[in-house]
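# Architecture at a glance
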2 protein chains.
Amino acid sequence: MLAVKIAKRSYKRTHLHQDKPANRNTGLMPSISKRGTIMPASPIRRLVPFAEKAKNNGIKVFHLNIGQPDIKTPAVAIEAMHKLDLSVIGYGHSAGLESYRSRLVTYYKGRGINININQLMVTTGGSEAISLAFLSCLDPDDEVIVPEPFYANYYGFASSTGVQVVPLPSDIENGFALPSFSEIEKLITDRTRAIFICNPNNPTGYLYSREELEQLKDIVVRRNLYLISDEVYSEFCYDGAQHISIMELEGIEDHAIMVDSVSKRYSECGLRVGMLLTRNPKIIETVLKFAQARLCPPALGQIAAEASLDTPGEYFKEVNIEYNKRRDFLVKRLNQIPGVFTPMPRGAFYTVAKLPVDDADKFCQWILNDFSYNKQTVMMAPASGFYITPGKGKQEVRIAYVLNIEDLTIAIEILEKALQAYPGRV
Amino acid sequence: MLAVKIAKRSYKRTHLHQDKPANRNTGLMPSISKRGTIMPASPIRRLVPFAEKAKNNGIKVFHLNIGQPDIKTPAVAIEAMHKLDLSVIGYGHSAGLESYRSRLVTYYKGRGINININQLMVTTGGSEAISLAFLSCLDPDDEVIVPEPFYANYYGFASSTGVQVVPLPSDIENGFALPSFSEIEKLITDRTRAIFICNPNNPTGYLYSREELEQLKDIVVRRNLYLISDEVYSEFCYDGAQHISIMELEGIEDHAIMVDSVSKRYSECGLRVGMLLTRNPKIIETVLKFAQARLCPPALGQIAAEASLDTPGEYFKEVNIEYNKRRDFLVKRLNQIPGVFTPMPRGAFYTVAKLPVDDADKFCQWILNDFSYNKQTVMMAPASGFYITPGKGKQEVRIAYVLNIEDLTIAIEILEKALQAYPGRV
């Protein structure tokens, strides 16, 4: 095979004066890359035209599909822009503004995470932190084990960087708990390089216990893997539950990479400011090389994010109380609907619900396109987009509780009526 | 070979209960990816510690090494932040804020580029536009032909996306003009997918003529390749020369991808706002899929960039006059130094100069570490970082004229004195 390939290439190299299109470039226009062709479109975006059509028909759409909090951004962040004192908005350090990084060290110390300024990189959102971790720790075709269902965009970052996602199945029936650890070990191959968790989890709201994290630590240390933990929802834990960061575990310093972001913490999704934390200096050195190519994270976002560190503690208490209420209400109401089941999420602001429908993709399209109740309907994210195992999650949807209780009340009533009317009910 | 590999994998898959580290994960800590290991550090950053040491020793360092303009950001951009009227800084559209994109359509129309809103994507800097173009148009190991010397970070974007850079040599002796087109065709193989130019060029300042662009168009259409053009310096053309965008060429609609940015245009490098333009709907569709994974470009940067569209025309005239003066001064003065040669760049704000030294890397380190004149020295970018052909550019440096004439005068005097004193002079 290889010999043939080389021969072909030499042939091409020596016959280039011939006026013929090259092998792969025939046709009327150059083709899109294979990776671009197989890259899935956002599973949520697919429904957007149906939501737009409904709105154009005068129907109010309640958005249970998105992770955009309705909570206000802290006033200190907006004020920092009002007082912006710059005459040139220039490049900053590739690892993030030094003043911001230095204040972040103090911030994390307050959370029980002791790191120094060289163990922290500011990134363009948590999204970029994940891509940079993949680029630095995994090569194309290397495998990362991810509990499933998982945030759909993880698959996008894996596709962009050539990494293979190996799903670790978890089930709605037992609240999306991790399977036994022997099941995890069964998935480890000679291409496995990392285990990647989201804690608290998007889309399931699952919150990892210290015991589970210690067991994961045991596996990654014993099998010499990385443990990447996306902790962007760490403030959103309910019933007084405590979030435990992998950066708090001991003996995992060279293995642990934490992904963080200001998006949810301060309702600043648009800033595109995230962080990557690790005590492994080789990872930081490598991440920095990739980060230098894109020059620096957004300057204005970093200035607003730095100011946000002065957000009064009251802000978080109020947000937490509000989301805790919403969760309690949502889960109770969903489980009151005949045939519907959702476990009690302990973190983040999503829950995955199983519906009595033939196909949640069809149902989510139908409810936008063919249904309304008092000129209102709801948009949900079909859970199929959060699974890569074929057929999994077919009856499930992800519901975000980013609406106030009044709107949630109406939205769940609409869902209940829709389930009664849906022709594909099972 | 392949059979052996498969056998190994099956072996591992069936022996996973054994408590042994997997093949690739032996050692005290998990290893960095191969791509991360071979990824070069920024060639400029390598000298930063020497510059810092000089500064700590009380030596003033004139920075001729960076592309950070000293020109002020337009007041309208800063004012937009002072007047920021948002209570939630939320996610925007993955393709960029609609108001901004719609105004950009008008902006480009004013430049003779007729596109609609769906032929334009806002990106996180021009950097991301290049990565997205690579991801969407090229697969790993596909080749992109790039005139050499080229902006060092192109190699970083290629490394991140697995793309192979094939250099198209150009020489300082003939002003870095493209070689004859038969030379370009010789480089085309069955893996070639794109030709990638920077116009005006960083680091050489080379400005492409309409005739050259028409010839490139002829090649890419005939060989069915993409033509990617980084045009972030389009305002910086001198002696009244006109910049021609590939988006102005006819008959290349499916092949042409233009990369743009507000960084240099408005001296807004820190905003991280760029654009990708193409009339090929398949590229837009694919780029959007990758862009959706990272959610959206920075919101505050886009608001400032949108406001910047109201920058008065006077701003650009003044900037252009200033840079034209600096260029004239710099090129004249450099060529007056015995043994130094630099061609006359017609665009951007860099020039590559050949110095009478054994090794420009050594010289750039020496001038920071072992030399000063009146307690002053200069920092330059060794050109070796802009070449991948081994040995090329060994006597060359890139000099950015982002200092005012007064500072440039001193900086060139320092360089002249340093060349007299340098032990490795040839």
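Keep in mind the model is a prediction, meaning the values are calculated, not measured. (Residues numbered from 1 in each chain as written. Chains lettered and ligands numbered in written order. Predicted model: local features only at pLDDT ≥ 70, side-chain atom pairs only at ≥ 80, totals over all residues.)

A few words now on the overall build of chain A. Assigned secondary structure in chain A consists of 14 helices and twelve strands. Here the C-alpha atoms of chain A give a radius of gyration of 23 Å, agreeing with the 22 Å that 2.2 N^0.38 yields for 426 residues. Taking the principal axes of the C-alpha coordinates as reference, chain A spans close to 70 × 55 × 55 Å. Out of the 426 residues belonging to chain A, those deemed buried represent 52%. Restricting the contact set of chain A to residue pairs at least 6 apart, pairs at least 24 apart contribute 75%. (Helix = DSSP H or I, 4+ residues; strand = E, 2+ residues; numbered from the N terminus. Rg over C-alpha atoms; globule rule 2.2 N^0.38 Å. Buried ≥ 20, exposed ≤ 12 C-beta atoms within 10 Å, placed from the backbone. Contact = placed C-beta atoms within 7 Å.)

All names here are of chain B. If you trace the backbone, I117 turns up in the loop between α5 (98-110) and β2 (120-123). Placed 14 residues apart in sequence, I117 and S131 show a C-alpha to C-alpha distance of 21 Å. Dropping the residues within four chain positions of it, I117 is found in contact with R101, S102 and V105.

This paragraph deals with helix α14 (residues 405-421) of chain B. With 17 residues, α14 of chain B extends 24 Å from end C-alpha to end C-alpha; this agrees with the ideal 24 Å at 1.5 Å per step. The inward-facing, buried residues of α14 of chain B contact β1 (60-63), α12 (313-336), α13 (360-369) and β10 (376-379) of chain B. (Expected span 1.5 Å × (residues − 1).)

Okay, the interface of chain B and chain A next. Counting residues at the interface gives 88 residues for chain B, matched by 88 residues for chain A. Broken down by element, the side of chain B that touches chain A gets its largest block of residues, seven residues, from helix α10 (residues 281-293) of chain B. Tallied by class, residues from the side of chain B that touches chain A come to 34 nonpolar, 31 polar and 23 charged. (Nonpolar A, V, L, I, M, F, W, Y, C, P; charged D, E, K, R; others polar.)

This part covers the pairing of strand β3 (residues 143-148) of chain B. The two faces of a sheet get side chains in turn, since along a regular strand they alternate between them. All names here are of chain B. With six of six residues buried, β3 lies mostly within the body of the structure. Neither face of β3 is exposed, since E143, I145 and P147 on one face and V144, V146 and E148 on the opposite face are all buried. After leaving β3, the chain enters helix α7 (residues 152-161) and then returns to the sheet as strand β4 (residues 164-169), a path that is right-handed. Summarising the sheet, β3 and strand β5 (residues 192-198) pair through three bridges and their orientation is parallel. Paired with V144 across the bridge in β5 is A194. (Right-handed = clockwise from strand over helix to strand, strands pointing away. Pairing = 2+ DSSP bridges.)

What follows concerns the relation of the copies chain B and chain A. The two chain copies are connected by a rotation around an axis plus a translation along it. Once turned by 180° and shifted 0.0 Å along the axis, chain B lies on chain A with an RMSD of 0.0 Å. Read as a symmetry element, the transformation amounts to a two-fold axis. Judged by C-alpha distance, H82 of chain B is the residue of chain B that lies nearest the rotation axis, at 1.9 Å. Residue by residue, 99% of the interface of chain B is reproduced at the interface of chain A, so both copies engage with the same surface. (Least-squares fit on C-alpha atoms with pLDDT ≥ 70 in both.)

This part covers the domain arrangement of chain A. All names here are of chain A. The domain boundaries assigned to chain A delineate domain 1 (45-72 + 314-421) and domain 2 (75-308). Computed over C-alpha atoms only, the centres of domain 1 and domain 2 are separated by 27 Å. The interface is formed by 30 residues belonging to domain 1 together with 30 residues belonging to domain 2. Secondary structure elements with two or more residues in the side of domain 1 that touches domain 2: α12 (313-336), β9 (350-354) and β12 (396-400). If one sorts the elements of the side of domain 1 that touches domain 2 by residue count, α12 sits on top with five residues. Residues that form the side of domain 1 that touches domain 2 fall into these classes: 15 nonpolar, nine polar and six charged. (Domains from an automatic or database assignment.)

Residue and element names in this part refer to chain B. If you trace the three strands from one edge of the open sheet to the other, you get β9-β12-β11, paired in antiparallel fashion. Strands with a single pairing partner mark the edges of an open sheet, and in this sheet they are β9 (350-354) and β11 (381-382). As judged from the five bridges shared by β9 and strand β12 (residues 396-400), these two strands associate in the antiparallel manner. Counted as the bridge partner of Y350 is A400 from β12.

On to the packing of helix α6 (residues 125-137) of chain A against helix α7 (residues 152-161) of chain A. Residue and element names in this part refer to chain A. With their axes 10 Å apart at the nearest point, α6 and α7 run at an angle of 40° to one another. Relative to α7, the element α6 lies oblique. Here α6 and α7 pass one another in a crossing that is right-handed. Facing S127, I130, S131, F134 and L135 of α6, the residues of α7 in contact are N153, F157, A158, S160 and T161. For the contact of α6 with α7, the class distribution of residues is five nonpolar, five polar and no charged. (Axes fitted to C-alpha atoms, helices over the stretch in contact; angles between N-to-C directions. Parallel < 35°, antiparallel > 145°, perpendicular 65-115°, else oblique. Left-handed = near helix turned anticlockwise from the far one by under 90°.)

To continue, consider unusual backbone geometry. All names here are of chain A. A cis amide bond, omega -5°, links N199 with the succeeding residue P200. Here the amide bond leading from N202 into P203 is cis, since omega sits at 20°, within 30 degrees of zero. Note on placement: P203 falls in the loop between β5 (192-198) and α9 (210-222). In this model, R272 sits at a positive phi of 60°, which is unusual for a non-glycine residue. Here R272 is to be found in the loop between β7 (256-261) and β8 (274-277).

All right, on to the sheet that holds strand β4 (residues 164-169) of chain A then. All names here are of chain A. Spatial strand order, β2-β8-β7-β6-β5-β3-β4: seven strands in an open sheet with mixed pairing. On the outer flanks of this sheet lie β2 (120-123) and β4, each paired with one strand and no other. Ignoring strand direction, the axes of neighbouring strands in this sheet form an average angle of 25°. Direction of pairing for β7 relative to β8: antiparallel, over a ladder of four bridges. Looking across to β8, one finds that M258 is bridged to L277. In the packing of α6 onto the sheet, contacts are made with β2, β5, β6 (226-230), β7 and β8, and the angle to β8 comes to roughly 35°. Across the sheet, α9 touches β5 and β6, and the angle it forms with β6 is around 145°.

Let's shift gears to the environment of W366 of chain B. Residue and element names in this part refer to chain B. On the secondary structure map, W366 appears in helix α13. For the pair W366 and F50, spaced 316 residues apart in sequence, the C-alpha to C-alpha distance is 8.9 Å. Apart from the residues within four sequence positions on either side, W366 is in contact with F371 and Y422.

Looking now at the confidence of the model for chain A. Residues and elements named next belong to chain A. With 93% of its residues at a pLDDT of 70 or more, chain A has an overall mean of 92. Within the model, the stretch residues 1-26 combines pLDDT values under 50 with 26 contacts to residues more than four positions away or in other chains. Taken together, the chains of this predicted complex give a pTM of 0.92 and an interface ipTM of 0.91. (pLDDT = per-residue confidence, 0-100.)

Right, let's get into helix α10 (residues 281-293) of chain A. Residues and elements named next belong to chain A. Compared with an ideal rise of 1.5 Å per residue, which puts 13 residues at 18 Å, α10 spans 19 Å between its outermost C-alpha atoms and is within 8% of the ideal. Along α10, ten of the 13 residues are buried, which leaves the element largely enclosed by surrounding structure. I283, I284, T286, V287, L288, K289, F290, A291, Q292 and A293 are the residues of α10 that are buried. Just beyond α10, the residue with positive phi is L295, at close to 75°.

Next up on the list: the environment of L216 of chain B. Residue and element names in this part refer to chain B. Its location among the elements puts L216 in helix α9 (residues 210-222). Put simply, L216 and I195 are 21 residues apart on the chain and 8.4 Å apart in space, counted from C-alpha to C-alpha. Residues contacting L216, with those up to four places away along its chain left out, are I195 and L227.

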